[in-house]
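Coordinates in review
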Amino acid sequence: MFTLRVYFFDQNGKRRLKQHSLGTKDSAQARVLALRFNLDFETQCDMERKKTVFEELAAKVSNPLKITIGGNVLDFDPSKPEEVAYVEKLRKEQAAFDNGGAEKVLAQLWTPDQDQPQARPRQKGKPFSVATELYLAEKTLDNKQTTIDEKRRTYKDFIALYGDLDINQITKPEIVALKTAEIGRKLSANRINKRLGQVNDFFNWSIKNGHYTASDKSPVDGLFVSKKAKLAKATENREPFTDDELKTLFGKGYQERFFAPDHYWIPLVCLLSGARREEVGDLLSANIKTVDGVPTFFIEEGKTKDARRTVPVHHALIELGFMDYAKARQEAGHAYLFPHRPKGAGGRSKEAGRMFTLRLREDCGITNTRKTFHSLRHTVITRLHTADANPAQVKQIAGHSSEAQGVHFQTYTHAIGLTQLAETLNRLIYPHDFANLKLADPTFKAFFSKEKTAEEKQAERDAKNAQHLAAKAEREERNRDKRKKDNTK
């Protein structure tokens, strides 16, 4: 006895097995079974293929004796009556196939088991680019613009890999290839899962809205790198900076390395407020003002729903001239606090983050991978708790969710006065003289006398591109006129 095992994928992308036990004399039966199993998967993928029903046999058997039927070479043992009868049967089926009965012959050769789910017939769907734009248009109602932009980049990467496929042509193999490409780019497991999740969300939306009809399940289902619980356990937490590290980071060489206003101000504001880098980088200049006698900055958007908050300005920042800098931007008519930076994937703070990393690793020699820009936030929160600050006020300053603290924190702490918050924040004390970092001109007047805003730079690029397109159109028109004249001669 021997066993014939055939593996294939069902419409949900699950690997399935068909297994049959055969006698040693049943080689002909083995061949026709192999033929039948292969035809199932092939016909579901492409019923219009030009292959005959026998091409699959050629590469699957090893008997040295051959016979040619309809241009296809098959293994054959003429000493066995059952194989002679089998070949005669194949000749008849070949003739039926050649006479246009391909689909009928396929249906006769393949009778699926009752317990095997059948793939849905492929329907023509929308191109991936069109369907994802419909999805993103709806998601603008409940997603931040940064999230929309991030999803759009993921979908563009998918199109770059496969082209603009009909979404009903996208199944497990395409998603597996996408994941493989992401792994090849050395992305972290969290990052890969985030991008797969963005594709998964799109397909779940497409199924609910009737756009994706190839299956009732997303092709991303089951393909995430790891379970979230495992990833969370494996993810290293950031560590706060020590006193010595802070003295080094904000000591000699700080002003030289951080020559631009965003380089200089963003790390200081984060260190003296606990705000996230992106929150500070995207601040509107009009949102830095004095309220009830307290200098503050208002964060309109952030990582969570609790991130929208008003934060007092630490007294050390006031002494360094932060409020003067904000006033100068307002008087110059700049909408953003750092108008020279474009609103890219990492917000307007991406360049400041890159420069801080250079300062951290190259200038200061701090190579601990758990010490990053985000460690500034950990430093603030840790030190405020160490200073016995009111936990509810620390959460409000940091923009952390208060759900874990119960109804008291959710209901009765939202109206904590700015004066109280300022007193809490000013408990944040470092063994460091920040006055040594004060600039002769904290408003960066000389810098902005030469530097254009991101919007002005984009306008110049758009103008140059328009000129280029106009010149190209003019050249093409001249060439058309010249060809017409040449043709009339």
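The coordinates are above.
Thresholds, definitions, all that
Residues numbered from 1 in each chain as written. Predicted model: local features only at pLDDT ≥ 70, side-chain atom pairs only at ≥ 80, totals over all residues. Heavy atoms only, no water. Helix = DSSP H or I, 4+ residues; strand = E, 2+ residues; numbered from the N terminus. Buried < 20%, exposed > 50% of the residue type's maximum accessible area, 1.4 Å probe, protein only. Pairing = 2+ DSSP bridges. Contact = heavy atoms within 4.5 Å. Arc of directions from axis to C-beta. Salt bridge = Lys/Arg side-chain N within 4 Å of Asp/Glu carboxyl O. Axes fitted to C-alpha atoms, helices over the stretch in contact; angles between N-to-C directions. Parallel < 35°, antiparallel > 145°, perpendicular 65-115°, else oblique. Left-handed = near helix turned anticlockwise from the far one by under 90°. Nonpolar A, V, L, I, M, F, W, Y, C, P; charged D, E, K, R; others polar. Phe/Tyr/Trp six-rings, centres within 6.5 Å; stacked < 30°, edge-to-face > 60°. Lys NZ or Arg CZ within 6 Å of the ring centre and 35° of its normal. Polar contact = N/O pair within 3.5 Å; in protein donor to acceptor, adjacent residues only side chain to side chain.

Of regular secondary structure, the chain possesses 21 helices and 7 strands. Within the span of the chain, comprising 489 residues, buried residues form 42% of the whole.

Attention shifts here to the pairing of strand β6 (residues 294-299). The buried count for β6 comes to 5 of 6 residues, which makes it a mostly enclosed element. Pairing of strand β5 (residues 288-291) with β6 involves 4 bridges; the strand directions are antiparallel. Bridged to V291 within β6 is V294. Where β5 folds back on β6, the antiparallel hairpin that results is connected by 2 residues, among which D292 adopts a positive phi of roughly 55°. Sheet analysis places β6 next to strand β7 (residues 309-312), joined by 4 bridges and oriented antiparallel. When the bridges of β7 are listed, F297 appears paired with V311.

Within the secondary structure layout, E245 lies in helix α9 (residues 243-249). Overall, E245 belongs to the buried group, its relative accessible area being 16%. Residues contacting E245, with those up to four places away along its chain left out, are P240, I366 and K371.

Summarising the element assignment, D292 is placed in the loop between β5 and β6. In this structure the C-alpha to C-alpha distance between D292 and L418, which are 126 residues apart in sequence, comes to 7.6 Å.

Looking now at helix α19 (residues 418-425). Within α19 the residues assigned to the buried category are L418, L421, A422, T424 and L425. For α19, the arc enclosing every buried residue in end-on projection is 160°, short of the 170-degree limit, so these residues lie on one face. Against the buried residues of α19 lie β5, β6, β7, α16 (375-386) and α17 (391-398).

Here we take up the pattern of salt bridges. Going through the model one piece at a time under the given rule, you end up with 24 salt bridges. For the salt bridge of E150 with R191, the shortest nitrogen-to-oxygen distance reads 2.7 Å. Of the two residues, E150 is situated in helix α5 (residues 145-162) and R191 in helix α7 (residues 189-208); the sequence distance between them amounts to 41 residues. D363 is the salt-bridge partner of R359, the closest N and O atoms lying 3.5 Å from each other. With R359 and D363 both in helix α15 (residues 350-363), this residue pair falls 4 residues apart, about one helical turn. With relative accessibility at 3%, the residue R359 sits in the buried group. Here the salt bridges share partners, and the residues they tie into one network are D157, E182, R185 and R195.

The next point concerns the packing of α16 against α17. Two elements in contact, α16 and α17, have axes separated by 10 Å at closest approach and are oriented at 165°. The pairing of α16 with α17 is recorded here as roughly antiparallel in orientation. Helix-helix and strand crossings are classified by hand; for α16 and α17 the assignment is right-handed. Contacts between α16 and α17 involve R377, I381, L384 and H385 on the former and, on the latter, P391, V394 and A398. Looking at the contact of α16 with α17 residue by residue, the class counts come to 5 nonpolar, 1 polar and 1 charged.

A few words on unusual backbone geometry. Glycine aside, the phi torsion of most residues is negative, and most peptide linkages are trans. With a phi close to 55°, D292 is a non-glycine residue in the positive phi region. Even without a glycine there, the phi angle at F444 is positive, about 60°. You can call F444 buried: its relative accessible area is 8%.

The next point concerns the environment of L418. On the secondary structure map, L418 appears in helix α19. The class of L418 is buried, set by a relative accessible area of 17%. Taking the C-alpha atoms as reference points, L418 and P295, 123 residues apart in sequence, are found 9.2 Å from one another. Look past the residues within four positions of L418 in its chain and what remains in contact with it is V291, V294, T296, T310 and P312.

So, on to the packing of aromatic side chains. Counted by the stated rule, this structure contains 26 aromatic pairs. Considering the side-chain rings of F356 and F373, the 4.8 Å spacing of their centres and the 65° angle between planes classify their relative orientation as edge-to-face. Taken together, the residues span a long stretch of sequence, with F356 in helix α15 and F373 in the loop between α15 and α16 at a distance of 17 residues. There is no split in this pair, since F356 and F373 are both buried. Taking the ring centre of F448 as reference, the NZ or CZ of R329 above it sits at 3.8 Å. Between R348 and the ring centre of Y336, over which it is positioned, the NZ or CZ distance is 3.7 Å.

Attention now goes to the sheet that holds β6. Read from one edge of the open sheet, 3 strands run β5-β6-β7, paired in antiparallel fashion. Whereas interior strands pair on both sides, the edge strands pair on one side only; in this sheet they are β5 and β7. Ignoring which end each strand starts from, the neighbouring axes of this sheet average 40° apart. Packing of helix α14 (residues 322-331) onto the sheet brings it into contact with β5 and β6, and relative to β5 it is tilted by some 115°.

This part covers the side chain of T154. Inspection of the secondary structure assignment puts T154 in helix α5. Residue class for T154 comes out buried when judged on its relative accessible area of 2%. Only 3.4 Å separates the side chain of T154 from the side chain of R195, close enough to count as a polar contact. A polar contact of 2.5 Å, which involves the side chain of T154, links it to the side chain of Q198. Residues contacting T154, with those up to four places away along its chain left out, are R195, Q198 and V199.

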